[in-house]
Amino acid sequence: MTHGMKTRPLSPHLQVYRLPLTALLSISHRITGVLLAMGLLLLGGWLLAASVNTEGFALIQSALGSLPGQVVLWGWIYSLVFHACHGIRHIVWDLGHGLERDRLMRHNLVELMASVVLTGILFAVTHGATDWSGSTPS
Amino acid sequence: MNDHHTVSADSGRMADHQATRVWLSERITGLALIPLSLWLAAQLGTLHRLGQIEFAQFMGQPAHALPMLAFLALSAYHAWLGLECILDDYVHHPLIKRASRLAIALTLIGVVAVSAFALFTMAQAAT
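Residues numbered from 1 in each chain as written. Chains lettered and ligands numbered in written order. Predicted model: local features only at pLDDT ≥ 70, side-chain atom pairs only at ≥ 80, totals over all residues. Heavy atoms only, no water.

Chemist: Would you mind showing me how to read the overall build of chain A here?
Modeler: Looking only at helices and strands, one finds 5 helices and 0 strands in chain A. Once local pairs closer than 6 in sequence are excluded, the contacts in chain A between residues at least 24 apart make up 71%. Put simply, chain A shows about 8,800 Å² of open surface, and 70% of that area lies on carbon and sulfur atoms. (Helix = DSSP H or I, 4+ residues; strand = E, 2+ residues; numbered from the N terminus. Contact = heavy atoms within 4.5 Å. Areas by Shrake-Rupley, 256 points an atom, 1.4 Å probe, with all protein chains shown as cover.)

Chemist: Explain helix 2 (residues 18-47) of chain B to me, please; I cannot follow it from the model alone.
Modeler: Since there are 3.6 residues in each turn of an α-helix, residues three or four apart along the chain are aligned in direction. In this model, helix 2 of chain B (30 residues) spans 40 Å end to end at C-alpha, consistent with the 44 Å of a helix rising 1.5 Å per residue. Its axis deflected by about 35° at Ile34 of chain B, helix 2 of chain B carries its strongest bend there, up to four residues before the proline Pro35 of chain B. (Expected span 1.5 Å × (residues − 1). Bend = angle between axes of the 7 residues up to and from the residue.)

Chemist: Just to check I follow, could you spell out the pattern of salt bridges for this structure?
Modeler: A side chain of one charge can pair with a side chain of the opposite charge when the charged atoms of the two come close. Taken as a whole and assessed by the stated rule, the structure comprises 8 salt bridges over all chains. Arg103 of chain A is the partner of Glu100 of chain A in a salt bridge, and the nearest nitrogen-oxygen pair spans 3.4 Å. Here Glu100 of chain A falls in the partly exposed class, since its relative accessible area comes to 39%. A salt bridge links Asp88 of chain B to Lys97 of chain B, with the shortest nitrogen-to-oxygen separation between them at 2.7 Å. As far as the burial class goes, Asp88 of chain B and Lys97 of chain B line up, both buried. Look at the salt bridges and you will find they share partners, linking Asp94 of chain A together with Glu26 and Arg27 of chain B into a network. (Salt bridge = Lys/Arg side-chain N within 4 Å of Asp/Glu carboxyl O. Buried < 20%, exposed > 50% of the residue type's maximum accessible area, 1.4 Å probe, protein only.)

Chemist: Could you clarify how one ought to interpret a nonpolar patch on the surface in this entry?
Modeler: A cluster of nonpolar residues, Leu14, Val16, Tyr17, Leu19, Leu24, Ile27, Ile31, Leu35 and Met38 of chain A together with Tyr90 of chain B, forms a patch on the protein surface that exposes about 990 Å² of accessible area. When residues of the nonpolar patch are assigned to their parent elements, the largest contribution, 5 residues, is made by helix 2 (residues 21-52) of chain A. Tracing the backbone shows Ile27 of chain A in helix 2. The exposure class assigned to Ile27 of chain A is partly exposed, which follows from its relative accessible area of 33%. (Patch = residues over 30% accessible without salt bridge, like charges linked within 9 Å, V, L, I, M, F, W, Y side chains within 5 Å.)

Chemist: For this particular structure, what's the right way to read the environment of Phe120 of chain B?
Modeler: By the element assignment, Phe120 of chain B lies in helix 5 (residues 94-126). The sequence separation of Phe120 of chain B and Leu69 of chain B amounts to 51 residues, and the corresponding C-alpha distance is 10.0 Å.

Chemist: I keep staring at the interface of chain B and chain A and nothing clicks. Help me out?
Modeler: Size of an interface: often given as the accessible area lost when the parts come together. Contacts between the two partners involve 44 residues from chain B and, on the opposite side, 41 residues from chain A. When chain B packs against chain A, the two sides together hide about 3,600 Å² of surface, and 73% of this comes from carbon and sulfur. Counting every contact that joins chain B to chain A gives 2 salt bridges. One salt bridge in this structure joins Asp94 of chain A and Arg27 of chain B, with 2.6 Å as the shortest N-O distance. Taken together, chain B and chain A are joined by 11 residue pairs in polar contact (both at pLDDT 80 or more). Looking at the side of chain B that touches chain A, the elements with two or more residues in it are helix 2, helix 3 (52-60), helix 4 (62-90) and helix 5 of chain B. The element contributing the most residues to the side of chain B that touches chain A is helix 2 of chain B, with 14 residues. Residue composition of the side of chain B that touches chain A, grouped by class: 29 nonpolar, 12 polar and 3 charged. (Buried area = accessible area lost by both parts, 1.4 Å probe. Polar contact = N/O pair within 3.5 Å; in protein donor to acceptor, adjacent residues only side chain to side chain. Nonpolar A, V, L, I, M, F, W, Y, C, P; charged D, E, K, R; others polar.)

Chemist: Could you clarify how one ought to interpret the packing of helix 2 of chain B against helix 4 of chain B in this entry?
Modeler: When two helices pack together, their arrangement is given by the angle between the helix axes and by the axis-to-axis distance. Residue and element names in this part refer to chain B. In contact at an axis separation of 9 Å, helix 2 and helix 4 are set at 140° when each is read in the N-to-C sense. Judged on the interaxial angle alone, helix 4 and helix 2 are oblique. When you trace helix 2 past helix 4, the crossing you get is left-handed. The residues of helix 4 that touch helix 2, namely those facing Val22, Ser25, Glu26, Thr29, Gly30, Ala32, Leu33, Leu36, Ser37, Trp39 and Leu40, are His64, Pro67, Met68, Ala70, Phe71, Leu74, Ser75, Tyr77, His78, Leu81 and Cys85. (Axes fitted to C-alpha atoms, helices over the stretch in contact; angles between N-to-C directions. Parallel < 35°, antiparallel > 145°, perpendicular 65-115°, else oblique. Left-handed = near helix turned anticlockwise from the far one by under 90°.)

Chemist: When you look at the nonpolar core in this model, what are you seeing that I'm missing?
Modeler: Side chains that are nonpolar tend, in soluble globular proteins, to be buried together. Counting 50 residues, the largest nonpolar core has Leu47 of chain A together with Leu40, Phe55, Met59, Met68, Phe71 and Met122 of chain B as its most contacted members. Among the secondary structure elements, those contributing two or more residues to this core are helix 2, helix 3 (54-65) and helix 4 (67-94) of chain A together with helix 2, helix 3, helix 4 and helix 5 of chain B. Here this core gets 11 residues from one element, more than from any other, and that element is helix 4 of chain B. Setting aside residues up to four positions removed in sequence, Phe71 of chain B forms contacts with Leu40, Leu43, Trp76 and Leu80 of chain A together with Leu33, Leu36, Ser37 and Leu40 of chain B. (Core = buried A, V, L, I, M, F, W, Y, C linked by side-chain atoms within 4.5 Å.)

Chemist: Would you mind going over the packing of aromatic side chains with me for this structure?
Modeler: Where two aromatic rings form a pair, the distance of their centres and the angle of their planes describe that pair. Applying the stated rule across the entire model yields 4 aromatic pairs over all chains. Ring geometry for Phe57 of chain A and Phe55 of chain B: centres 4.9 Å apart, planes at 55°, overall tilted. Of this pair, Phe57 of chain A sits in helix 3 while Phe55 of chain B is found in helix 3, placing the two residues in two different chains. The same class applies to Phe57 of chain A as to Phe55 of chain B, namely buried. (Phe/Tyr/Trp six-rings, centres within 6.5 Å; stacked < 30°, edge-to-face > 60°.)

This is the structure we're talking about:
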């Protein structure tokens with residue numbers, strides 16, 4: 001890269017172009033990926049606190065139980081489900097299917113609905129709808 | 001250093017099976033992560049209600065510790081592959097890129113190591 005390249009002006013692109021839904025889902029896949037990676041750090045910290053830090057763990061549990069904590073937790077869970085749904089779509093594309101324009105739009109909506117419905121089911125199940133989650137609600 | 005994402009002077013050799021292996025690793029770890037993720041999400045929905053002793057007893061059981069560890073290890077590797085793509089797209093300065101890759105790798109390995117330690121500790125206390 002030459003010195004001159006850093007000072008060249010660029011035409012506005014991302015600030016002005018209206019991205020199609022497929023493109024928005026694509027960048028969301030990347031964004032959720034980063035959020036999920038960051039969550040791994042918190043997950044590790046949570047396990048560590050549970051194993052060696054009684055006060056820290058109690059603090060984390062009460063934070064998770066609070067409303068903002070639940071919003072963050074379920075936001076992360078939704079990111080996980082969304083990322084998985086779009087990831088499945090990538091595999092479908094790898095197999096050569098769903099690349100036609102009308103299919104793309106239809107699958108966009110299918111994917112979004114699936115992610116919301118799946119998260120909703122997870123929420124319902126973990127709040128007493130059925131008992132197969134395996135742990136005891138207090 | 002064989003940076004499999006960038007083109008180098010011997011780009012003819014770069015165009016070998018590395019890209020295929022990365023692509024395949026992403027898909028295989030991704031697929032394995034689907035059931036593990038559903039399991040984790042279900043646990044996350046309820047585990048915040050437990051006190052430390054109950055939590056440790058729960059996570060200490062192999063039936064829970066093993067899928068948790070599997071999720072963390074596979075996610076760390078899957079995240080590594082994805083984050084490398086992000087670096088390739090947005091970071092071009094060679095030193096910054098190298099430092100970032102190293103930091104990310106150490107962090108991910110650290111998370112898995114710390115989690116394995118935590119789970120092992122809880123498993124020992126549970127028996």
